[in-house]
Structures are given as C-alpha cells and as structure tokens.
Amino acid sequence: MREAMAAAPVGDDVYGDDPTVNALQQHAAELFGFEAALFAPSGTQTNLIALLVHCGRGDEYLVGQEAHTFRYEGGGAAVLGSIQPQPIANQPDGSLLLADIATQIKPRDIHFARTTLLALENTIGGKVLPAAYVAQATALAHERGLATHLDGARICNAAVAQGIDLRAAVAGFDSVSVCLSKGLGAPVGSILCGSRAFVEEGKRWRKMLGGGMRQAGTIAAAGLHALRHNVARLAEDHANAAFLADALQGIGGIAVSTPQTNIFYVDVPPAHCAGLAEALSAAGIRVSMAPRLRLVTHLGVTRAQLRTVADVFTTYFKH
C-alpha cells in the first residue's frame, strides 16, 4: 500500500484532474454499482455530505438511536444543515422495526418537519443487517417517497460475512458511504457513492465543509489498493474475532458477546475496570476501558497478539 502511495500519479483534485483520485472514484462506483463516487477525508464527512444533499433545511431523516450518524458525528446534520434527526430504537439485531419506520414518517403538514430520508447502518455494532430486511426497509422508504442512505463504513465486512457481492450488499440505497480505513487498512478516507447528479451536488458540499483537496492521489492510492486487495481478507478478521471471543468465553466474571464480523463486546464489572486496564497496560496493550468494552480485529492485529490479550484477561480474573 505504501509503495502504491509513493508511486501514485497526482494532479489537482479541486480541478478534477488528479488521475489517482479519479481512478479510485471510478473503481468504487463500479464496484458498488453506482453511477459516480466522491472521495472525502472521513466517513463523518461523507455521511454529512449525503445528509446535506438528501435533506434541506427543516427536513428530517429517520435514523437508529445507536447509529453513528446520530450518536457519534457531533450533531453535524443539525448544526450545519438544520436537518432534524428522528431517532428510532434499534432492535437487538441492529435493525429498525418496519412499523416504527412507517409510524415516524410525518404527514405533509406545516406543523411537522418533512421526512425525506431513511438512513441505515451496516454493519452496526458489528451486527449484520440481513439482506431481506434491508430490501423491505428500503422498499418501504421508497414507497413513502423517502430517499435512502447507507452508512456502510463496514459494509465490506457485512458482504463478506453474508457471502454476497458488494453490489448486492448495497442494493436498495440511493447513496452509500464506505470507509477505506478500518478493516480495509487505508490510513485515511471514505468514498461516497450515488447518482451523477448526487455526486455533483456532493462536491459542492464537500468544498463548503473544508474537504477540497489538492494532490490527494497519494492518499487515494491507499484506498484504491484497499478496495482491490483487502476486501476478501476481511474474513481473516472475522475468524480472529471469533478466536478471541472463544478464548474469553470461559473466564468467570465477564460476559462476552458472539461476534458476527470483526467486532464484539465484553461486559466488565465496573469494580474491575481500573485493575484490568492496568494489567493490559503492563503487557503493552492500550485500552479505552469501559464497563462495556468493544474489541475490534483488523489487518494490523495478529493471532499471536490476540493470544496475549486473552492471557492477560485470564491471569487477571484468576486473582
């Protein structure tokens, strides 16, 4: 990947003539089955661009209470777009009940914000939304006149876990944001796919949000390499997550969820959080400790390192 970055031909992406950025955008659009794509510095920005294109001032979008765009992106849609989020409770499997979606679509009345968009996330908390459910939810949205956006930061994980191709994984969505870092391993960047008109409007919002880049081919090359070489290998991350979860399952005093992809959770008694964090730190393992601890495997984590993590947990909870 670094060799590809060093060798990448570059131009000026603000003028649309960086050949590597253009190659990334064209490849991503073809890969996910859209007319066009837009490269941006982060998934937070691509999601925000999508919301700003789909929704006007005073419009609202339907979104899960646990969704990244609602909880972890600084309220950008409300602050910068005057877009009202209508949160809906996520079910244990990560989905939103179809009945809840239908109920929260507002009637066209001057008293209500105009509901214009349904935003889903896949994977969400490491959980895969079933393809049949996605088809039903997006069909419902379109029948009611809503556009659909997918926060697909980890959609490649979902596709690999389900054994389906990427086009099938994003079917039914008018736009999709895909993170090129995380499991795919690029150092920076996300891609936003949609129609040509959608992407053209997205370019304007990207500029206003400070996302205009010049010789961006250097980082686009990493994303291009990631999409070409690192999608299928996500299965290794899934296997590593299952390995670590299995190794932790028998430890008394903690509860371990079963991973569907590369993410799972460990519930640690609050009284043990500080001590466990200290034990992990002593073994050279940095942790953002919380009573509900999220563990994520990726291409930078080896099976040997996972054994070390399991050993620290085991030793700590023996005492």
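Scroll up for the structure.
First things first, this report covers the structure right here in the doc. What you are looking at is a predicted structure, and each value in this text was computed from that prediction instead of being measured. (Residues numbered from 1 in each chain as written. Predicted model: local features only at pLDDT ≥ 70, side-chain atom pairs only at ≥ 80, totals over all residues. Heavy atoms only, no water.)

Focus on helix α14 (residues 303–318)
To keep things clear, this is the line we draw: Numbering of helices and strands starts at the N terminus; helices are DSSP runs of H or I of at least 4 residues and strands are runs of E of at least 2. Here a helix's expected span is defined as the number of its residues, less one, multiplied by 1.5 Å. Classification of residues uses two cut-offs on accessible area relative to the type maximum, computed with a 1.4 Å probe and protein chains only: under 20% is buried, over 50% is exposed, and between them is partly exposed. Arc definition: directions from the helix axis to the C-beta atoms. Here, two residues are considered to be in contact whenever any of their heavy atoms come within 4.5 Å of each other.
Here α14 contains 16 residues, and its C-alpha end-to-end distance of 23 Å stays within 8% of the 22 Å for a straight helix at 1.5 Å per residue. Regarding α14, the residues found buried are L306, V309, A310, V312, F313, Y316 and F317. Along the axis of α14, the buried positions cluster into a sector of 155°, meaning they face one direction only. Structurally, α14 contributes buried residues whose contacts are with α12 (234–249), β9 (263–267), α13 (270–282) and β10 (292–296).

Some points on the sheet that holds β9
What counts is decided by this rule: A pair of strands is considered paired only if DSSP assigns at least 2 bridges between the two. As a rule, the C-alpha atoms of each element are fitted with a line to give its axis, helices using only the stretch in contact, and angles between N-to-C directions run from 0 to 180 degrees.
Spatially, the 3 strands line up as an open sheet ordered β8-β9-β10, and their pairing is antiparallel. Each having just a single partner strand, β8 (255–256) and β10 make up the two edges of the open sheet. As judged from the 2 bridges shared by β8 and β9, these two strands associate in the antiparallel manner. Bridged to A255 within β9 is D267. Contacts between α12 and the sheet are confined to β8, β9 and β10, with β9 contributing the most and set at about 15° to the helix.

Structural notes on the packing of aromatic side chains
The cut-off we apply is this: Two rings belonging to Phe, Tyr or Trp (six-membered ring only in the last case) form a pair when the distance between their centres is within 6.5 Å. Interplanar angles under 30 degrees mark stacking, angles over 60 mark edge-to-face geometry, and anything in between is tilted. Note on geometry: a ring has a charge over it if NZ (lysine) or CZ (arginine) is within 6 Å of the ring centre and within 35 degrees of the ring normal.
If you walk through the whole model with that rule in mind, you get 1 aromatic pair. Note on Y316 and F317: the rings are 4.9 Å apart at their centroids and 90° apart in plane angle, and the pair reads as edge-to-face. Exposure class is identical for Y316 and F317. Each is buried. The residue whose ring lies beneath R303 is F243, and the NZ or CZ to ring-centre distance is 4.3 Å.

Scope: geometric values only; no functional claims are made or implied.
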